[in-house]
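What follows is each chain in one-letter form.
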Amino acid sequence: MTIKLYQIEKTQYSPIMLADMTSLDAITQQLPDGYYSTFRTFAGCTRVLGLKAHLRRLPNADASSLRRHLLHLLEPYRLSEARVRVMETKQKQFYISIEPLKPLAREIYENGVRVETTTIHRNDPRAKSTAFISASDEERKHIAQAGIFEALLVKNGKILEGMTSNFFYVQGNMLYTAQRDILLGVTRTMVIRAARGRGVEVKYQLLKLNQLSAVKEAFITSSSRGIVPVIQIDHVTIGQGSPGKITRLLMSAYEAYVLKHAEKI
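Right, let's walk through the structure included here. Note that this is a predicted model, so its numbers are computed, not measured.

Looking now at the pairing of strand β11 (residues 174–177). Along β11, one buried face is formed by Met 174 and Tyr 176 and the opposite face, lined by Leu 175 and Thr 177, is buried too. Alignment of strand β10 (residues 166–171) against β11, held across four bridges, turns out to be antiparallel. Its bridge partner lying in β11, Val 170 is registered against Leu 175. Here β10 hands over to β11 after two residues, with Gly 172 in that stretch at a positive phi of 65°. Examined bridge by bridge, β11 and strand β12 (residues 202–204) share three bridges and lie parallel to one another. Residue pairing for β12: Thr 177 is matched across the bridge by Tyr 204. This β-α-β element, β11 to helix α7 (residues 186–197) to β12, shows right-handed connectivity.

Printed below as a string of structure tokens:
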């Protein structure tokens, strides 16, 4: 199945074709600037984890209307699952783009990934602005060509978050993540809840680059990918170079959390 794009009105929708329909990012860059949120479905395209929070990212969204449209537009994808992006332009136009979900290979979760740091930044970290997709386009192309999984945004020598994810790290038996100057990801919130539910203490503290060698474990989170272990940042190996005990515990806890808390669309 191909990627689909629809312009959304309160009671109807219209399919749209753009020059480049190869990815959700390509589609987003061809639309006027605005706000967006991206998520995956569960349970045969009938549930989404944190859907209410995703829709709140669109300042003027009619959540009930968007939910009704989503249920109908996801019908062709029910045999598997879908990845969805909801968008609102600054002119208050609404769009939904949908693609078949392409789950990450199991080896990625079992073996972990390499990431690198970058100094690109969001102008407004709290807003999920479509302008950042265009601003980070060169970095996205670079990491794809280099075989790097993700770029981590660094400010004043400290890691804030991933370009398309939130960042966590473990020192001692404590889980750390940023709280300020970042996009407060929906999955980030769910992972923090799942961690505390498993007795893992969470603190809010940025990681300094000169402290990388002291990090025992690290991982990134996003709605489409869940928890992805990080085994190397730039040229520094994290811990033993494989997913650690707390990371693996939280991956299991997150899966259980999704099954219990994913919202009906």
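A few words now on helix α3 (residues 63–73). Of all the positions in α3, only Ser 65, Leu 66, Arg 67, His 69, Leu 70 and Leu 73 are classed as buried. By the N-cap criterion, in which a side-chain oxygen at the helix start approaches the backbone nitrogen of a residue two or three places on, α3 is capped by Asp 62, the distance to Ser 64 being 3.2 Å.

Moving on to the pattern of salt bridges. In this structure the tally under the stated criterion is ten salt bridges. Salt-bridge contacts for Arg 225 lead to Glu 150; the nearest nitrogen and oxygen are separated by 3.9 Å. One end of the pair, Arg 225, is in the loop between β14 (217–222) and β15 (226–233); the other, Glu 150, is in strand β8 (residues 150–155), with 75 residues separating them in the sequence. What makes Glu 150 buried here is its relative accessible area of 1%. The network of salt bridges with common partners includes Asp 25, Arg 85 and Arg 140.

Moving on to the sheet that holds strand β2 (residues 13–16). Note on sheets: strands pair through backbone hydrogen bonds, and any given pair is parallel or antiparallel. Here we have five strands laid out as an open sheet, ordered β2-β1-β6-β5-β3, and antiparallel in their pairing. Here the strands that pair on one side only, and so sit at the sheet edges, are β2 and β3 (34–40). With direction set aside, neighbouring strand axes in the sheet form an average angle of 20°. When strand β5 (residues 82–89) meets strand β6 (residues 94–100), the two strands line up antiparallel, connected through seven bridges. Bridge pairing in β6 places Arg 85 opposite Ser 97. Set on the sheet, α3 makes contact with β1 (4–8), β2, β3, β5 and β6; between it and β6 the angle comes to about 30°.

Within the span of helix α6 (residues 137–146), buried status applies to Asp 137, Glu 139, Arg 140 and Ile 143. For α6, the angular spread of the buried residues around the axis is 165°, confining them to a single face. Exposed side of α6, more than 90 degrees from the buried face: Glu 138 and Gln 145 are the residues found there. Remark: Gly 147 follows α6 within two positions and exhibits a positive phi of approximately 75°.

Let's shift gears to the environment of Ser 37. Mapped onto the elements of the fold, Ser 37 is located in strand β3. Sequence spacing of Ser 37 and Ile 96 is 59 residues, and the spatial spacing of their C-alpha atoms is 10.0 Å. Residues within four places of Ser 37 in sequence aside, it is in contact with His 54, Arg 57, Val 84, Arg 85, Val 86 and Lys 128. A polar contact is formed between the side chain of Ser 37 and the side chain of His 54, at a distance of 2.6 Å.

Turning next to the environment of Gly 50. Within the element layout of this structure, Gly 50 appears in the loop between β4 (47–48) and α2 (51–56). By relative accessible area, which is 4% here, Gly 50 ends up buried. Each C-alpha atom, one on Gly 50 and one on Thr 187, is 7.7 Å from the other, the two residues being 137 residues apart in sequence. Apart from residues lying up to four places away in sequence, Gly 50 is in contact with Val 186, Met 190 and Glu 263.

What follows is about the nonpolar core. Ile 159, Phe 167, Leu 175, Ile 233 and Leu 250 are the most contacted members of the largest nonpolar core, which has 41 residues in total. For this core, the secondary structure elements donating two or more residues are β7 (113–118), β8, β10, β11, α7, β14, β15 and α8 (245–261). It is α8 that contributes the most residues to this core, seven residues altogether. Discounting residues that sit within four places of it in the chain, Leu 175 has contacts with Phe 168, Tyr 169, Val 170, Ala 195, Val 200, Glu 201, Val 202, Lys 203, Phe 219 and Leu 250. Counting residues in hydrophobic clusters, the runner-up holds 20 residues, among them Leu 51, Val 86, Ile 96 and Ile 98.

Calculation criteria
Residues numbered from 1 in each chain as written. Predicted model: local features only at pLDDT ≥ 70, side-chain atom pairs only at ≥ 80, totals over all residues. Heavy atoms only, no water. Buried < 20%, exposed > 50% of the residue type's maximum accessible area, 1.4 Å probe, protein only. Helix = DSSP H or I, 4+ residues; strand = E, 2+ residues; numbered from the N terminus. Pairing = 2+ DSSP bridges. Right-handed = clockwise from strand over helix to strand, strands pointing away. Polar contact = N/O pair within 3.5 Å; in protein donor to acceptor, adjacent residues only side chain to side chain. Salt bridge = Lys/Arg side-chain N within 4 Å of Asp/Glu carboxyl O. Axes fitted to C-alpha atoms, helices over the stretch in contact; angles between N-to-C directions. Contact = heavy atoms within 4.5 Å. Arc of directions from axis to C-beta. Core = buried A, V, L, I, M, F, W, Y, C linked by side-chain atoms within 4.5 Å.

That is the geometry; function is a separate question.
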